[in-house]
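# Descriptive analysis of the structure
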Amino acid sequence: EMDNWIEHLKFWTGLYGSAEGGVSPAGKIERQIITYEGLVSDSHGPTSALSLAKFLDNTVGIDVTTDPSTVSCIWQKVIKYKGQPTAPGSGTRDIHSERSGSGFRPYSMRQYDYMISSLNELLTSHHDDQQLRPILESYIAEAQLIKATREEDLAKAKEETANSEATSIQPGAEIDSLKQQTAV
C-alpha cells in the first residue's frame, strides 16, 4: 500500500504545480493538498474545508461558497454528521462519526523503517514544495514517534517476560515440590 500511495503522490505532484508547490509557472494555484487527518480533525477540519472551497471557487465553471460560517456548517453536516435526520419527521440528532479512525497501527518495525525511509525520500525530492513539505515532515515525525513508542513497549514487554520467567523458575523448587508430593 505504501508504494501505491507514493506513486499516487508522485503522479499528482508531477502533474500539477511547480517544485515550490501547487502553483504553475504563471502563478496560478493548480493543486491543493488536504490531508484526511486535517479534514476530519475537530480543530483543523473547518479550516481544511474552507481551503478546499476557496481552491474550488477559483476553478472555472465551479461556483462554491467561501463564507467561513457556511463552509463550517457544511463541514459539520458532511464530515461530522451533526444534525442529521434520524427518520422522516422525527427531527434531527448528532450521529457519532468514526472518521477519526483507530489509533492502532499494526505495523512491524521493518514496515516503520520502510515508511520513514520512503517519506524521507519524498521529502528530499519535494523539499521546496510549500504545500507538501510540512505534511511529509509531520508524517515522518509521527511515524518516528509511534515507532519509538512501540520499540519501548516491546522492550518493556520483553523485560517483563524475562523477569516473570526468572521468578517462576527457582532452582531446586521443582525438586522440593516433588519431595513433598512423594512424602505424603
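## Considering the overall build of the chain
The secondary structure content of the chain amounts to 7 helices and 2 strands. Burial analysis of the chain (184 residues in total) assigns 21% to the buried set. Here the analysis covers contacts within the chain between residues at least 6 apart in sequence; of these, 47% occur between residues at least 24 apart. For the chain, the accessible area works out to roughly 13100 Å², and carbon and sulfur atoms hold 56% of it.

## Digging into the packing of helix α3 (residues 45-57) against helix α4 (residues 68-78)
Contact pair α3 / α4: the axes reach a minimum separation of 9 Å and the direction vectors enclose 115 degrees. Taken together, the axes of α3 and α4 are roughly perpendicular relative to one another. Here α3 runs over α4; the crossing is right-handed. Taken together, the residues of α4 that come into contact with α3 (itself represented by Gly45, Pro46, Ala49, Leu50 and Ala53) are Pro68, Val71, Ser72 and Trp75. Residues that form the contact of α3 with α4 fall into these classes: 7 nonpolar, 2 polar and no charged.

## Points about the packing of helix α1 (residues 2-15) against helix α5 (residues 109-125)
For any two helices packed against each other, one specifies the crossing angle of their axes together with the interaxial distance. For the pair α1 and α5, the least separation of the axes is 11 Å and the interaxial angle reads 10 degrees. As far as their axial angle goes, α5 and α1 are roughly parallel. Residue-level inspection shows Met2, Asp3, Trp5, Ile6, Leu9 and Lys10 of α1 in contact with α5, the latter providing Tyr114, Met115, Ser118, Leu119 and Leu122. For the contact of α1 with α5, the per-class residue count stands at 8 nonpolar, 1 polar and 2 charged.

## Digging into the pattern of salt bridges
Applying the stated rule across the entire model yields 5 salt bridges. Here Lys80 makes a salt bridge to Asp42, at a shortest N to O gap of 3.2 Å. Note that Lys80 is positioned in the loop between α4 and β1 (84-85) and Asp42 in the loop between α2 (36-40) and α3, a separation of 38 residues in sequence. Each of the salt bridges in this network shares a partner with another, and the network as a whole consists of Asp113, Lys147 and Glu151.

## Some words on the packing of aromatic side chains
Considering all chains together, one arrives at 4 aromatic pairs under this definition. Relative to Tyr139, the ring of Trp5 has its centre 6.2 Å away and its plane inclined at 55 degrees; by these criteria the two rings are tilted. Of this pair, Trp5 sits in helix α1 while Tyr139 sits in helix α6 (residues 132-168), and the two are 134 residues apart along the sequence. Ring geometry for Trp12 and Tyr16: centres 5.8 Å apart, planes at 5 degrees, overall stacked. The exposure class of Trp12 is partly exposed, given its relative accessible area of 38%. Taken together, the ring pairs in this structure connect Phe11, Trp12 and Tyr16 into an aromatic cluster.

## What about the layout of surface pockets?
In this structure, the largest pocket encloses a volume near 1200 Å³. A per-element tally of the lining of the largest pocket places α1 first, with 8 residues. Put simply, the second largest pocket is a space of about 250 Å³. In terms of lining residues, the second largest pocket is bounded by Gln32, Ile33, Ile34, Thr35, Glu37, Gly38, His44, Thr47, Ser48, Ser51, Gln131 and Ile135.

## Points about the nonpolar core
In terms of nonpolar packing, the biggest core is built from 12 residues, these being Ile6, Leu9, Tyr112, Met115, Ile116, Leu119, Leu122, Leu123, Leu132, Leu136, Ile140 and Ala143. Filtering out sequence-adjacent residues up to four positions away, Leu136 remains in contact with Trp5, Leu119, Leu122 and Leu123. One finds Ala49, Ala53, Trp75 and Ile79 within the second-largest nonpolar core, a separate group that totals 7 residues.

The rules behind each value
- Residues numbered from 1 in each chain as written.
- Predicted model: local features only at pLDDT ≥ 70, side-chain atom pairs only at ≥ 80, totals over all residues.
- Heavy atoms only, no water.
- Helix = DSSP H or I, 4+ residues; strand = E, 2+ residues; numbered from the N terminus.
- Buried < 20%, exposed > 50% of the residue type's maximum accessible area, 1.4 Å probe, protein only.
- Contact = heavy atoms within 4.5 Å.
- Areas by Shrake-Rupley, 256 points an atom, 1.4 Å probe, with all protein chains shown as cover.
- Axes fitted to C-alpha atoms, helices over the stretch in contact; angles between N-to-C directions.
- Parallel < 35°, antiparallel > 145°, perpendicular 65-115°, else oblique.
- Left-handed = near helix turned anticlockwise from the far one by under 90°.
- Nonpolar A, V, L, I, M, F, W, Y, C, P; charged D, E, K, R; others polar.
- Salt bridge = Lys/Arg side-chain N within 4 Å of Asp/Glu carboxyl O.
- Phe/Tyr/Trp six-rings, centres within 6.5 Å; stacked < 30°, edge-to-face > 60°.
- 1 Å grid on protein atoms, 1.4 Å probe; cavity = no way out; pocket = protein on both sides within 12 Å on 5 of 7 lines; lining within 4 Å.
- Points joined across faces, edges and corners; volume = space filled by probe spheres on them.
- Core = buried A, V, L, I, M, F, W, Y, C linked by side-chain atoms within 4.5 Å.

It is worth stressing that arrangement in space is one thing and function is another; only the former is reported here.
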